[in-house]
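# Breakdown of the fold
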Amino acid sequence: MSKPKLTWPVMTLTSGPVDAYPAVLRGLSRPIAYDFDPAFQQFYEDVVGKARTAMRTKEMPVILHGEPVLGLEAAAASLIAKGDVVLNLASGVYGKGFGYWAAQYAKEVVEIEVPYNDAIDPAAVEAFLRKRPDVKIVSLCHHDTPSGTINPAREIGAVVARHGALLIVDAVSSFGGMGIHPDDCHAGIFVTGPNKCLGSAPGLSMLSVSSGAWEKMKSNPDAPRASMLSILDWENAWRHDQPFPFTPSVAEMNGLDAALDVYLDEGPEVIWKRHDRTARACRAGVQAMGLDLWPVREAIASPTTTAIAVPAGVVEADWRAAIRTHYGVAVSSGRSETLGKLIRVGHMGPTAQPIYAAVAVAVLGGALKHVGKTVDVGAGVAAAMESIDATA
Ligand SMILES: *Cc1c(COP(=O)(O)O)cnc(C)c1O
């Protein structure tokens, strides 16, 4: 007996990793250069320069050669010293998870945690820091993807800066899909990657490091060196005349270069707008079918991911499987705490095109009848189309 052959999805509307732009696929197929070839060293410097333009920073960002979890763990390992008190802000699975890394390096981790369909209140951060002036580092996940919710990073960043602490921001799934940059939120370390809104492959971390954060890492005797978790090792690696500490991911750099070209050529503001229009249309369509959004308020719903609450009586895994089986569309489940409670549609990179919202609404609604619930799919698609037309 042979196994049934699995075919690739017709469409991947996930919240990361995402489908790549055609130009990125071409970029990924470029020759694999020898990393110490002078042409590659110059290319590497040029790509980091494009990343700096995209991230709108003064200093050159650091590229680490593993998907963004590496950048986040490296930020915890490098920045947090043994004597530090860290305030971890948790409004979802990623925010909460960062606290576990922080706990491996800090003297103490204190936490503000809110329900995973809500967002962190900057006033609560301000009040907390007033009570705990010993907090040196604050960590925040800007878009907690498994919840599809956005935290007010700018306001929180201003509070943290006033307090004189360093902020670590996980902007992995928001940067490139909306207007958020390291300096907007006074980030000490701002971590993102190519495999979400930039529409490239998983395999790299992009970190912006402020001068204060460099100083802090250099004064931390336990900051990793000669390690995959080291940020310090890579400080000067972007320079064409400096060696790499380890072999960089050459193919991923080719992909990132192409993705940054797409981003800068089309224009960040134009790209953010299509992310926002797609998410709005998706939310309108979902709600017109009588389904509920997962975020407690639409104002905190992400423009790069729409999380839809699983209706009573429906098993999430069955619903998602029906979407895949009947229509060939891949969508995302929740993760850990939110697993089974919601389905996520990503609007990231190439799939942040409004018409994909109509597709998403059609397959979400259409699949429900296969798992025992009937909704008005036509009303959902009509509402999505109306939203698309209204935001043009
Ligand atoms: C995707 C993502 C990461 C990277 O982790 P994965 O292993 O790719 O899931 C980190 N933080 C956030 C908020 C993400 O969305």
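Residues numbered from 1 in each chain as written. Predicted model: local features only at pLDDT ≥ 70, side-chain atom pairs only at ≥ 80, totals over all residues. Heavy atoms only, no water.

Helix and strand counts for the protein chain come out as twelve helices and 14 strands. Here the protein chain has a C-alpha radius of gyration of 21 Å; the compact-globule value for 392 residues is 21 Å, and the two agree. A sequence separation of at least 24 residues applies to 72% of the contacts in the protein chain between residues at least 6 apart. Just so you have it, the protein chain exposes about 15700 Å², and 55% of that area is on carbon and sulfur atoms. Taking the average location of the 35 positive side-chain charges in the protein chain and that of its 41 negative ones, the two points are 3 Å from each other. (Helix = DSSP H or I, 4+ residues; strand = E, 2+ residues; numbered from the N terminus. Rg over C-alpha atoms; globule rule 2.2 N^0.38 Å. Contact = heavy atoms within 4.5 Å. Areas by Shrake-Rupley, 256 points an atom, 1.4 Å probe, with all protein chains shown as cover. Lys, Arg positive; Asp, Glu negative; His and termini not counted. Charge placed at Lys NZ, Arg CZ, Asp CG, Glu CD.)

Strand order in the open sheet formed by seven strands is β2-β10-β9-β8-β5-β3-β4, with mixed pairing between adjacent strands. Edge strands, defined here as strands with exactly one partner in the open sheet, are β2 (62-64) and β4 (108-113). Between one strand axis and the next, the sheet turns by 20 degrees as a mean value, whatever way the strands run. Note: strand β8 (residues 166-170) against strand β9 (residues 189-192), three bridges, orientation parallel. (Pairing = 2+ DSSP bridges. Axes fitted to C-alpha atoms, helices over the stretch in contact; angles between N-to-C directions.)

Two elements in contact, helix α3 (residues 69-79) and helix α4 (residues 93-105), have axes whose closest approach is 8 Å; the angle formed by their N-to-C orientations is 35 degrees. In this structure, α3 meets α4 at a crossing whose hand is right-handed. Contacts between α3 and α4 involve Val69, Leu72, Glu73, Ala76 and Ala77 from the first element and Phe98, Trp101, Ala102 and Tyr105 from the second. Residue classes in the contact of α3 with α4 are distributed as eight nonpolar, no polar and one charged. (Left-handed = near helix turned anticlockwise from the far one by under 90°. Nonpolar A, V, L, I, M, F, W, Y, C, P; charged D, E, K, R; others polar.)

The three strands lie next to each other as β11-β14-β13, forming an open sheet whose pairing is antiparallel. The outermost strands of the open sheet, each flanked by one partner alone, are β11 (305-309) and β13 (332-333). The pairing of β13 with strand β14 (residues 342-346) spans two bridges and is classified as antiparallel. Residue Ser332 lies in a different strand from β14, and its bridge partner there is Arg344. Along the sheet, helix α10 (residues 316-327) contacts β11, β13 and β14; its crossing angle with β14, the most-contacted strand, is approximately 35 degrees.

What follows deals with the domain arrangement of the protein chain. As far as domains go, the protein chain holds domain 1 (22-265) and domain 2 (267-390). Across the contact, 27 residues belong to domain 1 and 27 residues belong to domain 2. When the buried surface of domain 1 facing domain 2 is broken down by residue, Asn117, Pro146 and Tyr263 rank first, second and third, together holding 22% of it. Inspection of the domain 1/domain 2 interface yields two salt bridges. Here Arg297 makes a salt bridge to Asp118, at a shortest N to O gap of 3.2 Å. Within the residue set of the side of domain 1 that touches domain 2, elements represented by two or more residues are α4, β7 (149-150) and α8 (250-266). (Domains from an automatic or database assignment. Buried area = accessible area lost by both parts, 1.4 Å probe. Salt bridge = Lys/Arg side-chain N within 4 Å of Asp/Glu carboxyl O.)

This paragraph deals with the environment of Ala312. Tracing the backbone shows Ala312 in the loop between β11 and α10. When its relative accessible area of 79% is taken as the criterion, Ala312 is described as exposed. Counting along the chain gives 29 residues from Ala312 to Lys341, while the straight-line C-alpha distance between them is 9.8 Å. (Buried < 20%, exposed > 50% of the residue type's maximum accessible area, 1.4 Å probe, protein only.)

Counted by the stated rule, this structure contains ten aromatic pairs. Residues Phe36 and Phe244 carry aromatic rings whose centres are separated by 5.8 Å and whose planes lie at 65 degrees to one another, so their mutual orientation is edge-to-face. Of this pair, Phe36 sits in the loop between α1 (22-28) and α2 (38-55) while Phe244 sits in the loop between α7 (211-218) and α8, placing them 208 residues apart in sequence. The partly exposed category is assigned to Phe36, whose relative accessible area is 33%. Looking at Phe244, the relative accessible area reads 7%, which means it is buried. Judged by centre distance (6.1 Å) and plane angle (80 degrees), the ring pair of Phe98 and Trp101 falls under edge-to-face. A residue pair is termed a helical-turn pair when its members lie 3 or 4 positions apart in one helix, as Phe98 and Trp101 do in helix α4 at three residues. Within the aromatic cluster, the residues linked to one another by ring pairs are Tyr34, Phe36, Phe40, Phe43, Tyr44, Trp234 and Phe244. (Phe/Tyr/Trp six-rings, centres within 6.5 Å; stacked < 30°, edge-to-face > 60°.)

For the rest of this paragraph, the subject is the site of the ligand. Within the structure, the ligand sits among Glu67, Val69, Leu72, Tyr94, Cys141, His143, Thr145, Asp170, Val172, Ser173, Lys196 and Arg335. For the ligand, an oxygen atom lies 3.4 Å from a polar atom in the side chain of Ser173. The separation between an oxygen atom of the ligand and a polar side-chain atom of Lys196 is 2.8 Å. Protein contacts shield 89% of the accessible area of the ligand, which totals 370 Å² for the unbound molecule. Counting atoms within 2 Å of the grid points, the majority share of the ligand lands in the largest pocket. (Near = heavy atom within 4 Å. Polar contact = N/O pair within 3.5 Å; in protein donor to acceptor, adjacent residues only side chain to side chain. 1 Å grid on protein atoms, 1.4 Å probe; cavity = no way out; pocket = protein on both sides within 12 Å on 5 of 7 lines; lining within 4 Å. Sits in = over half its atoms within 2 Å of the grid points.)

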